[in-house]
Amino acid sequence: MYTVKCQEDCQDLYIGKTKQPLVKRMAQHRRATLSDVTWKVKANDRPYHQLPEFKKKVFLCIKKSKYSGNAIKTYKYNVITFLPLNLYEQFKRVANIYFLALLILQIIPEISTLPWYTTLIPLVIVLGITAIKDLVDDLARHRMDNEINNRKCEVLLNGRFQEAKWREIQVGDVVRLKKNDFIPADLLLLSSSNPNSLCYVETAELDGETNLKFRMGLRVTDERLQEDHQLADFNALIECEEPNNRLDKFTGMMLWDRERYPLELDNMLLRGCKIRNTDWCHGLVIFAGGDTKIMKNGGKTRFKRTKIDELMNYMVYTIFALLILVSAGLAIGHTYWYEAIGTKAWYLFDGKTQTPGYRGFLSFWGYIIVLNTMVPISLYVSVEVIRLGQSKFINWDLQMYFAEKDTPAKARTTTLNEQLGQIQYVFSDKTGTLTQNIMQFKKCTIAGRSYGSDPFYSKIQPVDWSWNRYADKKFQFMDHSLVALVRSKKDKDAMEFFKLLSLCHTVMVEHKDGDLIYQAASPDEGALVTAARNFGYVFLSRTQDTMTIREMDQEMTYEMLALLDFNSDRKRMSIILKFPDGRIRLYCKGADTVIYERLSPNSKHKETTQTALDIFANETLRTLCLCYKDISAEEFEAWSRRHKEAQVTMNDREAALDAVYEQIENNLMLIGATAIEDKLQDGVPETIAKLAKADIKIWVLTGDKKETAENIGYSCSLLTDDMEIHYGEDVKDDPQAYRRGKKKTAEPFFPGSNKNALIITGGWLIDFVDMACECEAVICCRVTPKQKANVVSLVKKYKKAVTLSIGDGANDVNMIKTADIGVGISGQEGMQAVMSSDYAFAQFRYLQRLLLVHGRWSYIRMCKFLRFFFFKNFAFTLVHFWYSFFSGYSSQITFEDWFITLYNLAYSSLPVLLVGLLDQDVNDRLSLKFPKLYIPGQQGTLFNYKNFFISLFHGIFVSLIIFFIPYGAFLQTMGQDGEAPSDYQSFAVVAASSLIFIVNLQISLDTSYWTFVNCFAVLGSIAIYFGVMFDIHSAGIHVIFPSVFTFTGVSSNALRQPYLWLTIILTVGISLLPVICIQFLSKTIWPSVGDKKYEMELKEDDDKKKPSAFQRGRRSRRSAYAFSHAQGYADLIASGRSFRRRPQAHGGPQESIREIPRRELTENDRRYEV
């Protein structure tokens, strides 16, 4: 019914105040697209949204409204669902299902060889720890949900505003918000206390950005919806897109009093924002609760998994396969043994008439239970604990703390730490990541003449702006001639240049304490408007359709007819203004590549401006071209009709608008170009140089032109003089030789040993990925955000490399999410990059510490932990295997039940866990000093299948020793008291004691960095073992639980025999002797890279032994050049080569005596000296 009415209404459609001749064609287009618009909101009409056409099926025939209520639910569990749902989620993990299956097998009497509690207790502890963590997290979510849902706001009900909770708000309600209120739902802004219904919002909770943004209501709602009774009579119908997670896009239409009005994102107030600098505002609820954009963005991000994770899973599968094979072999052995021996031994008859084959089948399942500890149940929990600790170390690192902005480093994930030690490619944004993103207007070219000079090479004083009361006193400009030219008002081009800068922008101005505060969407735009302000063209205010500026001493207001906004595809923005004298002019600014394509053939100064642009780019300045176009009233009217038609298009409105923009942005007249400086951050060249020494390839992805990017590359040490530079346009001409897939992979693109670098336009890189990967450095110019992500995907896909992306802005989010590890820099462009990242900090220079110190340590620690964890479980479990040869393959266990239960939980877990948390092969200073130490992580040499099988064979060897030496010692043995301690239980105690000593001493030998905690853990684990063993072997506990604790008095009886202590010592010694020998040979004959660097450091320290306070025969020079952004002349000055040699002194001792200053130690040096 409503659709038919809309189609009838379209026949007499009015837009604004002018009747359009294209109305019928628009109505036909609306008929085609109306069926696609299914989200309809009617103001002040709750029953409308309950109509059957807006119902959706929930379950079977049960339906409910598709419009969500405003109550949000981020929690996962309630009192009833917590236990079943949490267990269901945990048993999605294969390891937990495996141990549950083992527990079920242990309940079956015929195959159970171990009591059920040996598996149940570890499984319950693992599940319990995880469940408690999930419960704590979910309780926090419950508290947060209740706090948010019970917030108060004013809702228009029954003709007047009433206070209501957020949870009671519904779609179609009109709400009133006041200053500093949070926005409860996604609202259409109707009116506000500010002129033209302007409303300032803070979007920190939405996208992390703290700078204020403005939203503006439609003119019609601003004029007609100010009073309560007007709002109560408001009955417009909103048609818009379905709820989605696009924070940067909204397309809709408002139908009110037979007229249609286009809606876009600037008209919306999104949930999660906060009202600022606005006394009150009114809004219509469009999306509520779970349909809001912030809630739609709350979904799970792509789960990133490290290489070690994947390898670890494959190794667990390998262990499981070995378990099946070993159990099957022992089951076959039991079948033949029972047939050959068991059936003939009368004393083995158990009264059962089972065949040998069936007994072998039962034995197979028995060995699956006995050998289950080959698959470690506590492995995954231990790994998570280690990762959590390593993440905390990153958060607590004061050397990655940026005091200027009070910003510490932040590990936003706990699953990727060891991957930081394996990075092969770093993809970096330039602006704000390598540079400071603090823009300063430095130079310009106007009508073919360049202005501006570099203060570093000029002794000219900066311009005095005292003549301009609106000037920003922080702004510096060195060229007095341009100021004199503008103030003279004789050069029309210069006046037009700065008038364009003061008008062609989206900056909002705030008047505060008599000063102008500009709120700009980007630092570039803010710098340009500030420059115009200082040169006398001051932007004062704007409304929906006017802009007011002060031109020198005269205030002028221009009518804004259209604003053609900037986006990453257009790379330009334009504004169409109507001058006070009636003229219509389009101002445009944008990248030179898009502006030059649209210049009129009659435009002047194209060649001289291009020359100036190249000079600016060579000085690493960011450039924009400025141009204009005069438009006749007839031309604008015709274009305006097409523009309004595109504005009300519901199907792909952005593409329609871009096409209309193209029709007017042509035949432009060039005025000039601006050049903005963006300085490098501190420490960027040193960081890039160190990462390059670590064989990390660095690619810079930027939207700048090639010359700018190349010069930035040299200034930040990405490009060096010994590199051979290749350009994309050169190799592009020979596609058969360079295109990926047309060249043999064995043949390199760049023969020889020279270093190579590639500078290429983003669109071409798909064809040259193999060639680019052979280069030490790559710079991709003119790339869009989507192309940045595509470049990362190409390298991941075709090179199988571990990648890291680092950026600071919203345009870097795709790249950050695509890489294996994303790093966000909290800079000038807000916090969107940080909120999408895995790790975050404030300065690019901290990347070297994140990778070369924390990443390398995390990788080494995790590798050492996994190698030892697998070893200790093999050494423990395979003792059962050797024992089976002497027990008729009957699934008999070697150790006591409780020892098996507590081995991984209490007796051997803490020392290896601390090694995974605290171990260091070299300290952080050496890790940074010798970047080559990072290379083993890239090559994956510390943990792979070779290391896995070494751990397996080491475990086999130790298990052999643990079983056969006590076995030999117990054969035909007489104790000190005349008794033979050769019973099974005494053997189990001796073997278990030997195992505990071996694994704890083995981890001691593998520990590189000793602390009190490590020492306490090793000694404590051994003490816990003996303490628990004597307790559970006591007579008292046996009396209470006679069937559970059966080793009564065994430990006290066995361990009072010196002979058995000698057996334990012999077993431990033989097990550890090969390890000690191998480590000795490794340190002396085959030292690792870390050992070599450590020895080198010790040698350097010896060479730097402090001499006596005075030495003869030397002169002293001290350089006062203490701090520099780039390498200066300190080495030359300190060496004395820049000074003339003075003749040798003959007269006095002063010339030949030199005071040797003591080397000043940093805090870090003192700590490591201690």
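No experiment lies behind these values; they were computed from the predicted model shown. Residue positions are given per chain, counting from 1 as you read along its sequence in written order. Only residues with pLDDT of 70 or above have their local features reported here, since the model is predicted, and side-chain atom pairs are shown and tallied only from 80 upward, although totals for entire chains, interfaces and linings are computed over all residues. The basis for the side-chain values is all heavy atoms of the structure; hydrogens and waters are excluded.

**Examining the sheet that holds strand β29 (residues 621-631)**
The condition that has to hold: For two strands to be treated as a pair, DSSP must find no fewer than two bridges joining them. The way it works is that DSSP assigns letters per residue, a run of H or I at least four long becomes a helix, a run of E at least two long becomes a strand, and they are numbered from the N terminus. Each axis is a line fitted through C-alpha atoms, taken for helices only over the stretch in contact, and angles between the N-to-C directions span 0 to 180 degrees.
As summarised here, the arrangement of the nine strands in space is β21-β20-β30-β29-β28-β27-β26-β25-β24, forming an open sheet in which the pairing is antiparallel. What marks the edges here is a single partner per strand, and that holds for β21 (449-451) and β24 (537-542). Averaged over all neighbouring strand pairs, the angle between strand axes comes to 30 degrees, with direction disregarded. Two elements, strand β25 (residues 546-551) and strand β26 (residues 554-564), share six bridges in a ladder whose sense is antiparallel. In the sheet register, isoleucine 549 faces β26, and the bridge partner there is methionine 556.

**As for the UniProt feature "binding site: Mg(2+)" (unreviewed entry) in the protein**
Note the following rule: UniProt positions are given in the numbering used here, feature names are shortened, and annotations may be inferred rather than shown by experiment. Residues are treated as being in contact if the distance between any of their heavy atoms lies within 4.5 Å. The buried label applies to any residue whose accessible area, calculated with a 1.4 Å probe on protein chains only, is under 20% of its type's maximum; exposed applies above 50%, and partly exposed to all values in between.
The sites that UniProt annotates as "binding site: Mg(2+)" (unreviewed entry) are Asp429, Thr431, Asp808 and Asp812. These residues run over 384 residues, yet every pair of their C-alpha atoms falls within 10.6 Å of each other. Tracing the chain through its elements places aspartate 429 in strand β19 (residues 425-429). Sequence-distant contacts of aspartate 429, defined by excluding residues within four places in its chain, comprise Leu434, Leu701, Lys788, Ile806, Gly807, Asp808, Asp812 and Met815. Position of aspartate 812 among the secondary structure elements: in the loop between β35 (803-807) and α26 (813-818). A residue is classified by how much of its surface remains accessible, and aspartate 812, at 0% relative accessible area, is buried. Ignoring any residue separated from it by four or fewer positions in sequence, one finds aspartate 812 in contact with Asp429, Lys788 and Gly807.

**Section: the packing of helix α28 (residues 846-884) against helix α30 (residues 909-918)**
Stated formally: Working definition: roughly parallel below 35 degrees, roughly antiparallel above 145 degrees, roughly perpendicular at 65 to 115 degrees, and oblique for all remaining angles. In a left-handed crossing the near helix is turned counterclockwise from the far helix by less than a right angle, and in a right-handed crossing that turn is clockwise. Residues are grouped as follows: Ala, Val, Leu, Ile, Met, Phe, Trp, Tyr, Cys and Pro are nonpolar; Asp, Glu, Lys and Arg are charged; all remaining types, including Gly, are polar.
One way to put it is that α28 packs onto α30 with a least axis distance of 7 Å and a crossing angle of 165 degrees. Taken together, the axes of α28 and α30 are roughly antiparallel relative to one another. When the axes of α28 and α30 are compared, the crossing they make is right-handed. From α28, Arg861, Lys864, Phe865, Phe868 and Lys872 reach across to α30, where they touch Val912, Val915, Gly916, Leu917 and Leu918. Its residues assigned to classes, the contact of α28 with α30 comprises six nonpolar, one polar and three charged.

**Some words on empty space enclosed by the protein**
For clarity, the threshold we go by: Detection works on a 1 Å grid of protein atoms alone, calling trapped sets that fit a 1.4 Å probe cavities and calling open sets with protein on both sides within 12 Å along at least five of seven lines pockets, with lining residues defined by an atom within 4 Å of a point. Grid points are joined across faces, edges and corners, and a volume is the space filled by probe spheres set on the points.
Taken as a whole and judged by the stated rule, the model has six cavities of 30 Å³ or more. Of the voids in this model, the largest cavity is the one considered here, and its volume is about 150 Å³. Residue assignment for the lining of the largest cavity shows that the elements contributing at least two residues are α5 (117-149) and α29 (897-907). Among the elements that line the lining of the largest cavity, the one with the most residues is α29, at four residues. Estimated volume of the second largest cavity: approximately 100 Å³. Around the second largest cavity, the lining comprises 13 residues; the ones closest to its centre are Glu896, Phe899, Ala992, Met1029 and His1033.

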